[in-house]
Amino acid sequence: IARRRRIPFVVTVHGGLYDVPEALRTQLNSVQARGFEWGKPFGLLLRARRVIQDADAILTCNRREAELMQQRHPDRRVVMHPHGVPAEIYETDYRAVARQAFPQIVGRQVLLAVGRIDPVKNQRFLVEQVPALIQRHPQALLVLAGPCTDEIYGPALERRIDELGLRSHVVLTGKLPPADPRLIGLMQEARLAVLPSISETFGLVILEAWAAGTPAISSRTSGASALIEPDRTGWLFDLDRPEGFHAAVDIVLGQPAQVQTVVANARERVVRDYDTRVLAARLKGLYEQLVEEKHAHGHST
C-alpha cells in the first residue's frame, strides 16, 4: 500500500539496527533479562517488520549500516544520510559562560566527554586512565557532560572516581541541552573531545568538536571510523590497548603545530559535508526525486 501512495514513504534508521558489535549485543541481552522488553509489543502493534519493506527509501546514518541494510533488503533504495550540526552556532565564543558555570575548568587542560552516563558510552574507561594521564599532564581535567541514564552504572562510576582519589581531576556536569551555551563553551574550551564508546554508529560529538575548533579522539567504532581520518582530522584508539589513547592525548597536548593542522582540516570538513543546511538541501533533493518517480509511475499505470 505504501508504495502506491503519491507521497514518498521514507524510513530513517538512526543506528544500531544491524550494526551492533558482539560486546554490545551481550550487554543488551543482559539488560533485557532484568526486565520487560517493551520493543516487542510495540513492534507487533506497528507491524515494524513491514515498515522497511514498504519504504520508498531507507536512510541510515553510517556507511556500514547502509551496507548491512542493503544486504538484508537488496530490492530497497538505501541512502547513507549522516547526522549534522548547525556549524554557525559554534562561531559565537561561549567560553566565558562555561568558565562561570564550571570554575573548576579555569587554568586546566580539559578533556571533554559528552554523552549520557551509560555503560555503552564507557566513561569508566576514561576514569581508569586518569591516574596515568595526570602523571604526564598534571593539569589535565576530565569533564563528563551528560545525564545519568543507568541507575547502577552512574553511582558505580562515582564510587570508582572516589576510590582512585580523582575528585579534583574529574567533573560531572549533569544534563546539558545540545545548544546550551555552557555546553558549547565547554566544547570550545576543551583541549580535546574524547569519545570512548563501546558502540557508536555515528558519533555526533565528533562533529560538534570539529565545529567548535576542538580536536577529537575516539574509540574505533564504526561511526567514528567513518568520520575520522587518522592524523588528518583526528585520532582513533582501541579500547583494549589504552596506550593508543594515551599516545593520542600526548599528541594533542604536546604538539600544537600538528594539532592546528588537524583542527583546520576537521573544521573544513564539518562545514562542507555535515552542516545541517547542506544536509537539508541534500534531503530535499532526495524527496524531490522520489516525488518525480512516484508521479512518473502514476502516469505509466
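Residues numbered from 1 in each chain as written. Predicted model: local features only at pLDDT ≥ 70, side-chain atom pairs only at ≥ 80, totals over all residues. Heavy atoms only, no water.

*Asks:* Describe the environment of Leu172, naming the residues involved and giving the relevant values.
*Replies:* Relative to the assigned elements, Leu172 resides in strand β6 (residues 170–174). Remark: the alpha-carbon pair of Leu172 and Ile117, spanning 55 residues in sequence, is separated by 9.4 Å. Apart from the residues lying within four places of it in its own chain, the contact partners of Leu172 are Leu144, Glu158, Ile161 and Arg167. (Helix = DSSP H or I, 4+ residues; strand = E, 2+ residues; numbered from the N terminus. Contact = heavy atoms within 4.5 Å.)

*Asks:* Summarise the sheet that holds strand β1 (residues 10–13); cite the residues concerned and give the values.
*Replies:* Note on sheets: strands pair through backbone hydrogen bonds, and any given pair is parallel or antiparallel. If you trace the three strands from one edge of the open sheet to the other, you get β1-β2-β3, paired in parallel fashion. Each having just a single partner strand, β1 and β3 (78–80) make up the two edges of the open sheet. Neighbouring strand axes in the sheet, compared pairwise and without regard to direction, differ in orientation by 25° on average. With four bridges joining them, β1 and strand β2 (residues 57–60) adopt parallel strand pairing. (Pairing = 2+ DSSP bridges. Axes fitted to C-alpha atoms, helices over the stretch in contact; angles between N-to-C directions.)

*Asks:* So what about the packing of aromatic side chains? Which residues, and what values?
*Replies:* For the structure shown, the criterion picks out four aromatic pairs. With 5.4 Å between their ring centres and 70° between their planes, Phe237 and Phe245 make a pair best called edge-to-face. Across the pair, exposure class does not vary: Phe237 and Phe245 are buried alike. What links up through ring pairs into an aromatic cluster is the set Phe125, Phe237 and Phe245. (Phe/Tyr/Trp six-rings, centres within 6.5 Å; stacked < 30°, edge-to-face > 60°. Buried < 20%, exposed > 50% of the residue type's maximum accessible area, 1.4 Å probe, protein only.)

*Asks:* Tell me about the nonpolar core, and name the residues and values.
*Replies:* Of all hydrophobic cores here, the largest spans 37 residues; its most connected members are Leu112 and Trp210. The greatest single-element share of this core, amounting to six residues, is contributed by helix α9 (residues 204–211). When sequence neighbours within four positions are dropped, the list of residues in contact with Leu112 reads Val143, Ala145, Leu186, Met187, Ala190, Leu192, Ala193 and Val194. Judged by nonpolar contacts, the second largest core, of 30 residues, contains Leu133, Ala140, Ile251 and Val262. (Core = buried A, V, L, I, M, F, W, Y, C linked by side-chain atoms within 4.5 Å.)

*Asks:* Now, about helix α8 (residues 181–189): what can you tell me, with residues and values included?
*Replies:* Taken across its nine residues, α8 has seven buried, putting it largely inside the fold. Of the residues making up α8, those classed as buried are Leu183, Ile184, Gly185, Leu186, Met187, Gln188 and Glu189. On its buried side, α8 packs onto α5 (95–101), β4 (109–114), β5 (140–145), β6, β7 (192–195) and α9.

*Asks:* Before we move on, could you go through the side chain of Asp180 and cite the residues and values that matter?
*Replies:* By the secondary structure assignment, Asp180 is in the loop between β6 and α8. The exposure class assigned to Asp180 is buried, which follows from its relative accessible area of 12%. Among the polar contacts made by the side chain of Asp180, one reaches the side chain of Arg182 at a distance of 2.6 Å. (Polar contact = N/O pair within 3.5 Å; in protein donor to acceptor, adjacent residues only side chain to side chain.)

Honestly, that's just the spatial picture; any functional story needs more than this.
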